[in-house]
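Coordinates in review
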Amino acid sequence: MDIPYTVKDRPDTGLYNGKLGIWLFLGSEVMLFGGLFSAYVFLRTGAESWPTGADILNVPLATLNTLFLITSSVTMVMSWASLKLKEFDKFKLYAGLTLLLAASFLVVKYFEYTAKFHHGLFPSTNNFLGIYFTLTGLHVLHIIGGMIVIFFFWMPGAKMWESDPDRFTNRIEIVGLYWHFVDLVWIFLFPVLYLL
Amino acid sequence: MADLTPEEIRHHVKTYVIVFVALAFFTIVTVAISYLDLGVGASVVLALGVASIKGSLVACYFMHLIDEKITVYWTLLITATMFLILMLLPLGNMLAQIKI
Amino acid sequence: MSTDHHKESFLTKYIFSTDHKIIGLQYGITSLVWLLVGFTLMMIMRYQLAYPGNPVPIVGNLLGEGGIMPSEMYNSLGAMHGTIMIFLGVVPLAFGAFGNYFLPLQIGTIDMAFPKLNAASYWMYFVGSIVMIVGFFVPGGAANSGWTSYPPLSVTATMGQTVWLLGMVFLITSSLLGSINILVTVIQLRAKGMTWMKLPIFVWTQFITAFLLLLAFPPLEAASVLQLMDRLVGTSFFMPSGLVVSGVVQNYTGGGSPLLWQHLFWFLAHPEVYVLILPAFGIITEVIANNTRKPIWGYKAMVYAMVFLGFMSFIVWAHHMYITGMGTSIGAFFQTTTMIISIPSVVILTTLFLSLWGGSIRFNTPMLFALAFIPMFGIGGLTGLPLGLAASDIHLHDTYYVIGHFHYVVAPGTIFALFAGIYYWFPKITGKRTNETLGKLHFFFSFIFMNGVFMPMFVQGLAGVSRRLWDGGEIYAHAADVLYLNEVMSISAWLLGLAQIFFIVNMIISLRGKKTGETNPWGATTIDWTDTTSPPLGHGNFETVPTVYRGPYEYSVPGADKDFTPQSEKG
C-alpha cells in the first residue's frame, strides 16, 4: 500500500502532500525570521541612538546581491518549468545557474563580512551590527541549506527523473518554493538593514 | 500544477520574465529612494512598501500563489496574523512602558 | 512511498523505523524515562526544601561537599526539572507518542504523510535530550537560570546554559518537523467519509496543538540564537547598559533589553501550556465517551472552543510579565484577553462534565484518571484567575501560588490524562490487558499524594513565599508560619514517587502476560479500535482501509443491537 496523494492531488484540497508540507514549513520560517525582525524593531525603537545602515554597510554590493538572488529565483522557477515541458537538459542548465548565482551571493557576503572584521567591526561592537550579522547569518545558513538540496537534485537525486518524473517535478517545485522564500526574506532584509 | 499544458507553461514563462524585470526595476527604485532625505516615517513606509510589492510579485508569480488552493491561503492567513501579533505587541508593550 | 516487503534488518525495523507505530512507541518509552528522571530531580529538590542544608541521602555525594546541596545545584535541579518535564517528557509523550501512534489509526490511513521526516523528528528529539543531559556534566553544571532562562542571569551563567540553548534548538526542530507531519496527515490523508466534523476529538486536539507548535516555537528558536550570540560572541541583545554583577561592572556593549527575551520566550511559552493541555483534553474525551456509553455532549461546542482557544493562546502571553513595569493600557489589554481565554476552557470542561449526565459509567482505571482530571484541571484553571488579573498577580507573581496553579493543570491534569491514555490504549498496542487492581491502586495513591504536594503551595504562595528559593523560604520571617508545609509536601512527593511503582510493575507484568485475542475490549466506536487488529498490522495498519459513515461517539444508538456503533459501520 502506498501513501496517497504523494504525487496526485487530493480532490477536495487540490494539493499533493509535499506542497502543503512546504507551505506549512514556510509559515514556521516566517515566524523564525519574524522573531529576529521583531527583535530588530524592539531594539531599534528602544535605542538612544542607532546608525544608518548605509553609513556602515556596503549598499552597492548588497544591491548586486539582491539582483543575484532575484535572478536565481527566476532560474529556479525556470528549472521547474523546464521539467513540466519535459526538457531535462534545460532543467540541468537552470538549476546549475541557480547554484552559480547562489554561490555568487555567498562570495559577496564573504567579502562583506571579512571587510567588516578587518575594520574591527564585529557583532559585539553594537546592536546594529549584532542584529545585522545574526539576520544575514541565519539567511546565509538558509542559502547554504537550499544549495545543498538543489545540488542533490541536480546531481545524484536527478535519477528520479527516470523512475518517477512527476514526483521529481513536484520535488523541484517544492525546492523552488523554499528558494523563493529565501529570496523573499532578502527582499525585506535588504532595505531594512542597508537602506533605513 | 499537474494539469498545466505546455502552452500554459510557456505563458507562465513570459510572466516570469516580466516579473523579473519589475523586480529589478523596483530594486533600483528602492535604492534610489534611500538617497533622498525624507525623514524616518516616510523612509520606512516607502522602503517597506516597495519591499512588499517585490515580495508580492515573488509570492504571486514565482510561488504561484495567485492561483493556489484555499488550504494554502488559510495557512498563510493564520501565519500572517501571528506574524503581525509578534511584530506589533512587543513593540506596543515597550512604547507603553512606564517611564520612571 | 511503496512499502515493499523487502528483508528488514533489526536496525531498519526497530531502530530507524519509519512506521508511525514504532516511532510512537520510541517517543513513548523515551518520554516516560525522561518523566521519571525529571520526577527524580524534583524528589531530590524536595529533600532540600524539607530539610535545608542537611546532607541528602543516597545521591548526596553527587550533589556537593559532604552530601549537602549547594544553592547553585538546587537552581540547576529546578531549571532542569522544568525543562525535562515539559520538553523531554510531557510534550513528546502527549504529542509525539500518542499523536504518532493513534492519529493515523483514528483517521483511517496507513502511516503519517512523511514517514522519513517522522523518524528524523524522533531522532532530533533523542539527540536534543542527550544534549540537555550533557549539561549536568559540564563545568559549572547544568543550566540554572530557570526553565525560563531570563537574561541577564542566563547570559552570565555557566556553560550549562549554552548546552541548554543548543539542546532547545534540536528539540524545537524536532517539534516543527512533527507538527508539519501531523497537519498534512490530518488535512490530506483522512479516509473516505472522515469529514472534519466526524473526527474524534483526539484528532482535533492533535491538529490544533500542531498549529500552535508550528507557529509559536520559531520565535523562541530565534531568541535562543540571540542568547547564544550574547553568551558566545559578546553581543548585547538582552544585556542592558551599565550592568553590575556581584559588584563587578560588566564589559558588554549594552543597549540591549532583558524584556525582549521575555517577550520572545513567552510568545512560545504561553501557547506551550495549551500544547500541554490540548492532547490531554483529547484523550479524556475519548475515555469519557467510551466509559459513559454515550456520545459526547456538545461536540461542536468543544471543537469551536478548542479552535478559539488555540487562536487566543497567541495573544495573552504578557500576563507572565505584569510586574515588568508594563503600562496600564497594555496591561489591561493582556488582562482582557487572558480573561477571555478562560471561557473556552470552561466550555470544554463543561462539555466533558455534562457528558457524564445519564451515562452508564464504568469505573475502570482509565475512567478513574479521566474523572479525576475534571476537578483537578478545574482547580488548576480557577487558581489561574487571580494570576490572570493584574492587580492580584502583583502579590502572587513568582510565589508558590504560581507553582501550585500550573502543577495542578499539568500534573493531576495532563499527566493523569496521559495515564488514562496509556491504560486505555494498552490493549490496542499490545493485545494484552493491564491489571485493574494495580491500576486502581496507582490511581488512588497518585490522586491523594498529588493533592498532598500541590494544595499546600497555594497556602505558601498566599503567605508570600517566593519560588526558586533553595531553602524553601527558611530565612524569611513572613514564611515562618507556613514553613512546616515544606515537609508535608516533600513526604507527599516521595510517597507519590513510590505510588508510581504500581504503574511500573503493572506495565511489566502486563507486557509479559498472554494476549487476549480481543481487538476491541472496551467496545469503542473509533476506527482505531474497530478496524484494526491488536496490535495493528505492521505495514498498512488495516486489512482493508475503512470508509467512515458516522460520527465518532455513536454509543447507545436507539435500535442498534449493541451499545456502540463503529464509525465504519454503514448507516
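Rules and cut-offs
- Residues numbered from 1 in each chain as written.
- Chains lettered and ligands numbered in written order.
- Predicted model: local features only at pLDDT ≥ 70, side-chain atom pairs only at ≥ 80, totals over all residues.
- Helix = DSSP H or I, 4+ residues; strand = E, 2+ residues; numbered from the N terminus.
- Buried ≥ 20, exposed ≤ 12 C-beta atoms within 10 Å, placed from the backbone.
- Contact = placed C-beta atoms within 7 Å.
- Nonpolar A, V, L, I, M, F, W, Y, C, P; charged D, E, K, R; others polar.
- Axes fitted to C-alpha atoms, helices over the stretch in contact; angles between N-to-C directions.
- Parallel < 35°, antiparallel > 145°, perpendicular 65-115°, else oblique.
- Left-handed = near helix turned anticlockwise from the far one by under 90°.
- Core = buried A, V, L, I, M, F, W, Y, C linked by C-beta atoms within 7 Å.
- Expected span 1.5 Å × (residues − 1).
- pLDDT = per-residue confidence, 0-100.

1. Describing the overall build of chain B
What chain B contains, in helices and strands, is three helices and zero strands. Beginning at the N terminus, the succession of helices and strands in chain B can be written as α-α-α. Taken over the C-alpha atoms alone, chain B extends approximately 65 × 35 × 10 Å along its principal axes. The burial tally for chain B puts 26% of its 100 residues in the buried class.

2. Looking at the overall build of chain A
Counting its regular elements, chain A contains seven helices and zero strands. In chain A, the succession of helices and strands from N to C terminus is α-α-α-α-α-α-α.

3. Some thoughts on the interface of chain B and chain A
Interfaces are often described in size by the accessible area the parts lose on coming together. On the chain A side, the residues contacting the 38 residues of chain B number 42 residues. Only α1 (6-34), α2 (40-62) and α3 (70-95) of chain B provide two or more residues apiece to the side of chain B that touches chain A. In terms of residue class, the side of chain B that touches chain A is made up of 27 nonpolar, nine polar and two charged.

4. Examining the environment of Gln335 of chain C
Residues and elements named next belong to chain C. Positionally, Gln335 belongs in helix α11 (residues 328-354). With 20 C-beta atoms packed within 10 Å, Gln335 lands in the buried category. Apart from the residues lying within four places of it in its own chain, the contact partners of Gln335 are His319, Gly388, Leu389 and Ala390.

5. Overview of the packing of helix α7 (residues 160-188) of chain C against helix α8 (residues 201-232) of chain C
Residues and elements named next belong to chain C. With their axes 8 Å apart at the nearest point, α7 and α8 run at an angle of 155 degrees to one another. As the angle between them shows, α7 and α8 are arranged roughly antiparallel. Both α7 and α8 take part in a crossing whose hand is left-handed. When the residues that make up the contact of α7 with α8 are grouped by side-chain class, the tally is 19 nonpolar, seven polar and two charged.

6. Looking at the nonpolar core
Ala39 of chain A together with Leu183, Ile284, Phe369, Phe373 and Ala420 of chain C are the most contacted members of the largest nonpolar core, which totals 263 residues. Top contributing element to this core by residue count: helix α4 (residues 71-107) of chain C, with 22 residues. Aside from chain neighbours lying at most four places away, what touches Ile284 of chain C is Leu352, Ala370, Phe373, Ala417 and Ala420 of chain C.

7. A closer look at the environment of Thr75 of chain A
Residues and elements named next belong to chain A. Residue placement: Thr75 occurs in helix α3 (residues 59-84). For Thr75 and Leu138, which are 63 residues apart along the polypeptide, the C-alpha to C-alpha distance reads 23 Å. Residues contacting Thr75, with those up to four places away along its chain left out, are Tyr94, Leu97, Thr98 and Leu101.

8. With respect to the environment of Leu93 of chain C
Following the sequence through the fold, Leu93 of chain C ends up in helix α4. Look at Leu93 of chain C and you get buried, because 25 C-beta atoms sit within 10 Å.

9. Focus on unusual backbone geometry
All names here are of chain C. For the peptide bond that leads from Pro151 to Pro152, omega is -5 degrees, which places it in the cis range. Relative to the helices and strands, Pro152 is located in the loop between α5 (115-134) and α6 (153-156). In this structure, Pro535 follows Ser534 across a cis peptide bond, with omega equal to -5 degrees. In this structure, Pro535 sits in the segment after α17 (527-530). For Arg468, which is not glycine, the phi torsion reads 60 degrees and is therefore positive. Among the structural elements, Arg468 can be located in the loop between α15 (436-462) and α16 (485-511).

10. Some words on α5 of chain C
Residue and element names in this part refer to chain C. The end-to-end C-alpha distance of α5 is 29 Å, a good match for the 28 Å that 20 residues give at a rise of 1.5 Å each. Within α5, the full set of buried residues consists of Asn118, Ala119, Ser121, Tyr122, Met124, Tyr125, Gly128, Ser129 and Met132. Residues of α5 that are buried make contact with α2 (20-50), α4 and α7.

11. Quick look at the confidence of the model for chain A
The pLDDT averaged across chain A works out to 95; a share of 100% of its residues lies at or above 70. Of all the helices and strands in chain A, helix α2 (residues 53-56) of chain A carries the lowest mean pLDDT, 91, while helix α5 (residues 127-154) of chain A carries the highest, 97.

12. Details of the confidence of the model for chain B
When pLDDT is averaged across chain B, the result is 91; 96% of the residues are at 70 or more. Scoring the predicted complex yields pTM 0.96 and, for the interface, ipTM 0.96.

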